[in-house]
Amino acid sequence: MRPLRLTVEGFRSYRDRAEFEFADRDLVGVVGPTGSGKSSILDALSYALYGRTPTVGNAVSKLVNGRADAAQVELWFTVGDDCLRIARRLGKTSAQSLERWDAVDGSKLETITDKSSDIAAWVTEATGLGFETFARSVLLAQNQFM
């Protein structure tokens, strides 16, 4: 799995829309002063992939920025030759989808699922990493080092 782009809005530290590009990068470091939103980026990746985070677990309503009505996370990534998009929305109404896109013309090929647990299961199967393994070996969230 290779992340390409992460977009957040109303998510933890990011009330306004923010986009993070990972395409064409072999190594990414998330650095900045305390309170600048580093952990929010990691939580957004985890939430997109698994529908939960090490920070709040399944209490995902806590991920909505205090000055926003809803939170949105969109992750574009590749697995093998497939270009995929996970979109999740939290708020009064919540929604999620995992979609396969054509990398050449940018058209949506199919919606794989719109069920949160099915997205997490698909990610686990495709990457070989369940949430717990991802959180302990890939994510290394703040104050979670063992």
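Higher on the page you've got the structure.
Criteria and cut-off values
Residues numbered from 1 in each chain as written. Predicted model: local features only at pLDDT ≥ 70, side-chain atom pairs only at ≥ 80, totals over all residues. Heavy atoms only, no water. Helix = DSSP H or I, 4+ residues; strand = E, 2+ residues; numbered from the N terminus. Rg over C-alpha atoms; globule rule 2.2 N^0.38 Å. Buried < 20%, exposed > 50% of the residue type's maximum accessible area, 1.4 Å probe, protein only. Areas by Shrake-Rupley, 256 points an atom, 1.4 Å probe, with all protein chains shown as cover. Lys, Arg positive; Asp, Glu negative; His and termini not counted. Charge placed at Lys NZ, Arg CZ, Asp CG, Glu CD. Expected span 1.5 Å × (residues − 1). Arc of directions from axis to C-beta. Contact = heavy atoms within 4.5 Å. Salt bridge = Lys/Arg side-chain N within 4 Å of Asp/Glu carboxyl O.

(A) Fine view of the overall build of the protein. Check the secondary structure of the protein and you find three helices and six strands. The linear arrangement of helices and strands in the protein, starting from the amino end, is β-β-α-β-β-β-β-α-α. Rg of the C-alpha trace for the protein: 15 Å, near the compact-globule value of 15 Å for 146 residues, within the 12% margin. For the protein, the C-alpha atoms occupy an extent of roughly 40 × 35 × 25 Å along the three principal directions. Within the span of the protein, comprising 146 residues, buried residues form 40% of the whole. For the protein, the exposed area adds up to about 8500 Å²; of that, 47% sits on carbon and sulfur atoms. Charge-centre separation for the protein: the mean point of 18 positive side chains lies 9 Å from the mean point of 19 negative side chains.

(B) A look at helix α2 (residues 116-127). Its twelve residues place the ends of α2 17 Å apart at the C-alpha level, agreeing with the 16 Å of an ideal helix rising 1.5 Å per residue. Among all positions of α2, only Ile 119, Ala 120 and Val 123 are buried. Along α2, the residues classed as buried sweep out an arc of 95° about the axis, all on the same side. Of the exposed residues in α2, the ones pointing more than 90 degrees away from its buried face are Ser 117 and Glu 125. In this structure, the buried residues of α2 make contact with α1 (38-50), β4 (82-90), β5 (95-101) and β6 (108-113). Two residues or fewer past α2, Gly 128 is found with a positive phi of approximately 75°.

(C) Looking closely at the pattern of salt bridges. Applying the stated rule across the entire model yields twelve salt bridges. The shortest N-O distance in the salt bridge between Arg 85 and Glu 99 comes to 2.7 Å. Taken as a pair, Arg 85 in strand β4 and Glu 99 in strand β5 lie far apart in primary sequence, 14 residues in all. Taking relative accessible area as the criterion, Arg 85 reaches 17% and is therefore assigned buried. In this structure, Arg 136 engages Glu 132 in a salt bridge whose closest nitrogen and oxygen atoms are separated by 3.9 Å. Of the two residues, Arg 136 and Glu 132 both sit in helix α3 (residues 131-139), four residues apart, roughly one turn of that helix.

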